[in-house]
Amino acid sequence: MSQNAIDDLTNFKPYEVGADEEYMSDAQLTHFENILKAWKQQLAGDAESTKTYIQDESAALSDTSDRATQEEEFALALRTRDRERKLIRKIDKSLAEISNGDYGFCETCGVEIGLRRLEARPTATQCIDCKTLAEIKERQNWGHS
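Residues numbered from 1 in each chain as written. Predicted model: local features only at pLDDT ≥ 70, side-chain atom pairs only at ≥ 80, totals over all residues. Heavy atoms only, no water.

Taking an unreviewed UniProt entry as the reference, the protein is identified by name as RNA polymerase-binding transcription factor DksA belonging to Psychrobacter pasteurii. In UniProt, the protein has this text filed under Sequence similarities (unreviewed entry): "Belongs to the DksA family." (UniProt positions renumbered as here; feature names shortened; annotations may be inferred.)

Given below as structure tokens:
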């Protein structure tokens with residue numbers, strides 16, 4: 001991963017809205033596209049690191065406890081990479097939404113999601129109100145408190 005991509009993720013500056021600037025202007029879309037692409041690049045680099053780690057550490061260990069520990073570490077790393085693979089799909093969906101002009105609007109009610117919410121979660125697809133209602137319904141359906 002390039003240092004610029006890492007810097008984009010860790011040091012990005014919150015978007016400053018200009019006077020009379022419309023929501024999801026070209027500059028805003030570019031801002032979020034850069035964040036999403038840097039995030040995707042970081043995740044791809046992490047996946048490659050995991051692959052290399054597993055290949056390098058796959059030496060046969062004679063002690064069964066050491067082997068079991070190593071297998072558990074590998075399983076955890078692979079579960080993490082699986083979650084990240086799913087996140088990459090969400091990032092790709094968000095990038096496609098930027099291309100087709102749907103990015104930044106709630107898929108449930110159509111209102112603006114909001115710049116700060118998108119900066120906190122660039123793959124958000126719902127406004128805070130719809131997301132809150134969905135979570136309440138989920139807790140009711142599954143009995144979570």
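There's plenty left to go through after this.
**Student:** Looking at this model, I keep getting lost on the environment of Gln 70. Mind explaining?
**Tutor:** Summarising the element assignment, Gln 70 is placed in helix H3 (residues 64–100). Sequence separation between Gln 70 and Ile 54 is 16 residues; the distance between their C-alpha atoms is 9.4 Å. (Helix = DSSP H or I, 4+ residues; strand = E, 2+ residues; numbered from the N terminus.)

**Student:** Honestly, the UniProt feature "binding site: Zn(2+)" (unreviewed entry) in the protein in this entry has me stumped. Any pointers?
**Tutor:** What UniProt calls "binding site: Zn(2+)" (unreviewed entry) maps, in this numbering, to Cys 106, Cys 109, Cys 127 and Cys 130. Spanning 25 residues, the named residues form one tight spatial group whose C-alpha atoms are at most 8.1 Å apart. The residue Cys 106 is located in the loop between H3 and helix H4 (115–120) in this model. Overall, the relative accessible area of 4% leaves Cys 106 in the buried class. Dropping the residues within four chain positions of it, Cys 106 is found in contact with Val 111, Ile 113, Thr 125, Gln 126, Cys 127 and Cys 130. Within the element layout of this structure, Cys 127 appears in the loop between H4 and helix H5 (128–142). Since its relative accessible area comes to 6%, Cys 127 is described here as buried. Not counting chain neighbours up to four residues away, the residues in contact with Cys 127 comprise Cys 106, Cys 109, Val 111, Glu 112, Ile 113 and Arg 117. (Buried < 20%, exposed > 50% of the residue type's maximum accessible area, 1.4 Å probe, protein only. Contact = heavy atoms within 4.5 Å.)

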